[in-house]
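The lines below spell out each chain.
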Amino acid sequence: MHTAKKVIFAFRNDSMCFIHVLLNGIDLHERGLGGKIVIEGDAVSLVPEMAEPDHFLYTQFEKARGLGIVYGACRACSMKLRVAEEIEKVGIALVGDMSGHPSMGGFIEQGYEVITF
(Lines give C-alpha, C1' and ligand atoms only; values in the text may rest on other atoms or scores of the structure.)
Protein backbone atom coordinates (compact mmCIF):
# COMPACT_ATOMS: atom_id res chain seq x y z
CA MET A 1 0.00 0.00 0.00
CA HIS A 2 1.33 3.40 -1.02
CA THR A 3 0.93 5.95 1.74
CA ALA A 4 2.76 9.00 0.32
CA LYS A 5 0.65 12.15 0.27
CA LYS A 6 -0.31 13.27 -3.23
CA VAL A 7 -0.24 16.73 -4.81
CA ILE A 8 -1.74 17.34 -8.22
CA PHE A 9 -0.14 19.93 -10.49
CA ALA A 10 -2.68 20.91 -13.17
CA PHE A 11 -1.24 22.63 -16.25
CA ARG A 12 -3.93 22.44 -18.94
CA ASN A 13 -6.61 25.03 -19.66
CA ASP A 14 -9.08 22.27 -20.43
CA SER A 15 -12.27 21.98 -18.38
CA MET A 16 -12.76 18.34 -19.36
CA CYS A 17 -9.29 17.56 -18.01
CA PHE A 18 -9.67 19.76 -14.93
CA ILE A 19 -12.81 17.95 -13.79
CA HIS A 20 -10.54 14.95 -13.20
CA VAL A 21 -8.12 17.11 -11.22
CA LEU A 22 -10.97 18.15 -8.93
CA LEU A 23 -12.53 14.69 -8.62
CA ASN A 24 -9.19 13.01 -7.92
CA GLY A 25 -8.08 15.75 -5.53
CA ILE A 26 -11.29 15.35 -3.53
CA ASP A 27 -11.06 11.54 -3.64
CA LEU A 28 -7.41 11.53 -2.50
CA HIS A 29 -8.26 13.93 0.32
CA GLU A 30 -11.19 11.83 1.48
CA ARG A 31 -8.93 8.75 1.50
CA GLY A 32 -6.40 10.58 3.69
CA LEU A 33 -3.84 10.77 0.88
CA GLY A 34 -3.37 14.53 0.69
CA GLY A 35 -5.01 15.57 -2.55
CA LYS A 36 -3.56 19.08 -2.68
CA ILE A 37 -4.14 20.88 -5.99
CA VAL A 38 -1.71 23.36 -7.54
CA ILE A 39 -3.01 25.26 -10.56
CA GLU A 40 -0.18 25.94 -13.02
CA GLY A 41 0.43 27.00 -16.61
CA ASP A 42 -2.60 27.67 -18.79
CA ALA A 43 -4.89 26.09 -16.18
CA VAL A 44 -4.81 29.33 -14.15
CA SER A 45 -7.19 30.79 -16.75
CA LEU A 46 -9.87 28.35 -15.60
CA VAL A 47 -10.08 29.77 -12.08
CA PRO A 48 -12.23 32.85 -12.88
CA GLU A 49 -14.47 30.66 -15.07
CA MET A 50 -14.94 27.93 -12.43
CA ALA A 51 -15.77 30.57 -9.82
CA GLU A 52 -18.94 31.47 -11.75
CA PRO A 53 -22.01 29.66 -10.33
CA ASP A 54 -23.23 28.72 -13.82
CA HIS A 55 -19.97 26.96 -14.77
CA PHE A 56 -20.27 23.16 -14.82
CA LEU A 57 -17.19 22.80 -12.57
CA TYR A 58 -18.40 25.32 -9.97
CA THR A 59 -19.80 22.75 -7.51
CA GLN A 60 -16.69 20.56 -7.53
CA PHE A 61 -14.39 23.61 -7.45
CA GLU A 62 -16.23 24.98 -4.42
CA LYS A 63 -16.09 21.58 -2.72
CA ALA A 64 -12.33 21.39 -3.26
CA ARG A 65 -11.92 24.95 -1.96
CA GLY A 66 -14.10 24.15 1.06
CA LEU A 67 -11.94 21.13 1.86
CA GLY A 68 -8.86 23.37 1.76
CA ILE A 69 -7.11 21.28 -0.89
CA VAL A 70 -6.62 24.05 -3.49
CA TYR A 71 -3.08 25.03 -2.50
CA GLY A 72 -2.80 27.91 -4.93
CA ALA A 73 -2.28 29.16 -8.45
CA CYS A 74 1.04 29.94 -10.11
CA ARG A 75 1.93 33.58 -9.56
CA ALA A 76 4.05 33.92 -12.74
CA CYS A 77 1.51 32.26 -15.03
CA SER A 78 -1.38 34.20 -13.48
CA MET A 79 0.47 37.46 -14.11
CA LYS A 80 1.47 36.47 -17.66
CA LEU A 81 -2.09 35.41 -18.55
CA ARG A 82 -3.55 38.49 -16.82
CA VAL A 83 -5.81 36.63 -14.40
CA ALA A 84 -3.91 37.25 -11.14
CA GLU A 85 -6.33 39.86 -9.83
CA GLU A 86 -9.37 37.69 -10.61
CA ILE A 87 -7.74 34.67 -8.92
CA GLU A 88 -7.02 36.68 -5.78
CA LYS A 89 -10.64 37.94 -5.75
CA VAL A 90 -11.79 34.29 -5.77
CA GLY A 91 -9.62 33.74 -2.68
CA ILE A 92 -7.00 31.47 -4.24
CA ALA A 93 -3.44 32.22 -3.15
CA LEU A 94 -0.87 33.13 -5.77
CA VAL A 95 2.19 30.99 -5.08
CA GLY A 96 5.61 30.96 -6.61
CA ASP A 97 8.60 30.01 -4.48
CA MET A 98 10.61 28.96 -7.59
CA SER A 99 11.21 32.00 -9.81
CA GLY A 100 7.52 32.88 -9.54
CA HIS A 101 6.28 29.30 -10.07
CA PRO A 102 5.25 26.70 -7.44
CA SER A 103 8.03 24.25 -6.66
CA MET A 104 7.41 20.54 -7.00
CA GLY A 105 10.63 20.00 -5.05
CA GLY A 106 9.18 21.69 -1.99
CA PHE A 107 6.28 19.25 -1.98
CA ILE A 108 8.60 16.27 -2.55
CA GLU A 109 10.72 17.36 0.42
CA GLN A 110 7.52 17.30 2.52
CA GLY A 111 6.83 13.70 1.50
CA TYR A 112 4.39 14.34 -1.35
CA GLU A 113 4.24 12.38 -4.58
CA VAL A 114 3.63 14.72 -7.53
CA ILE A 115 0.92 13.90 -10.07
CA THR A 116 0.61 16.05 -13.19
CA PHE A 117 -2.40 16.71 -15.38
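For the structure itself, look to the data block above.
Residues numbered from 1 in each chain as written. Predicted model: local features only at pLDDT ≥ 70, side-chain atom pairs only at ≥ 80, totals over all residues. Heavy atoms only, no water.

Participant: Got a minute to help me understand the pattern of salt bridges in this structure?
Facilitator: One side chain can pair with another of opposite charge once the charged atoms of both are near each other. Using the criterion set out here, one finds six salt bridges in the structure. When the shortest N-O distance is used, the salt bridge between Lys6 and Glu113 registers 3.1 Å. Here the residue Lys6 occupies a position in strand 1 (residues 5-10), and Glu113 occupies one in strand 5 (residues 112-116), the gap between them amounting to 107 residues. Look at Glu113 and you get partly exposed, because its relative accessible area is 31%. Among the salt bridges present, the one from Glu85 reaches Lys89, with a minimum N-O distance of 3.6 Å. Placement of both Glu85 and Lys89 in helix 5 (residues 84-90) is noted, with a separation of four residues, approximately one turn of the helix. Like Glu85, the residue Lys89 is exposed in the burial classification. (Salt bridge = Lys/Arg side-chain N within 4 Å of Asp/Glu carboxyl O. Helix = DSSP H or I, 4+ residues; strand = E, 2+ residues; numbered from the N terminus. Buried < 20%, exposed > 50% of the residue type's maximum accessible area, 1.4 Å probe, protein only.)

Participant: Sorry, what's going on with the sheet that holds strand 5 here?
Facilitator: One open sheet accounts for five strands, arranged 4-3-2-1-5; its pairing is parallel. Because the sheet does not close on itself, it has two edges, and the strands there are strand 4 (94-95) and strand 5. Sheet contacts for helix 1 (residues 15-30): strand 1, strand 2 (34-39) and strand 5; angle to strand 2, the most-contacted strand, approximately 150°. (Pairing = 2+ DSSP bridges. Contact = heavy atoms within 4.5 Å. Axes fitted to C-alpha atoms, helices over the stretch in contact; angles between N-to-C directions.)

Participant: How should I be thinking about unusual backbone geometry in this particular structure?
Facilitator: Trans is the common state for peptide bonds, and a negative phi is the common state for residues other than glycine. Here Arg82, not a glycine, exhibits a phi torsion of approximately 60°, which is positive. Of note, Arg82 is situated in the loop between helix 4 (75-80) and helix 5.

Participant: Explanation requested: the pairing of strand 3 (residues 70-74) in the structure shown.
Facilitator: With four of five residues buried, strand 3 lies mostly within the body of the structure. Pairing analysis gives three bridges linking strand 2 to strand 3, with the strands arranged parallel. The residue of strand 3 that forms the bridge with Ile37 is Val70. Strand direction decides the pairing type here: strand 3 and strand 4, joined by two bridges, are parallel. Its bridge partner lying in strand 4, Ala73 is registered against Leu94.

Participant: Would you take a moment to explain the side chain of Lys6 for this structure?
Facilitator: You can call Lys6 buried: its relative accessible area is 9%. Sequence-distant contacts of Lys6, defined by excluding residues within four places in its chain, comprise Leu28, Leu33, Gly34, Gly35, Lys36, Tyr112, Glu113 and Ile115.

Participant: Can you walk me through the pairing of strand 2 in this structure?
Facilitator: With respect to burial, strand 2 is a largely interior element, five of its six residues being buried. Here strand 1 pairs with strand 2 via five bridges, running parallel. Bridge pairing in strand 2 links Lys6 to Gly34. Each parallel crossover has a hand, and for strand 1 linked through helix 1 to strand 2 it is right-handed. (Right-handed = clockwise from strand over helix to strand, strands pointing away.)

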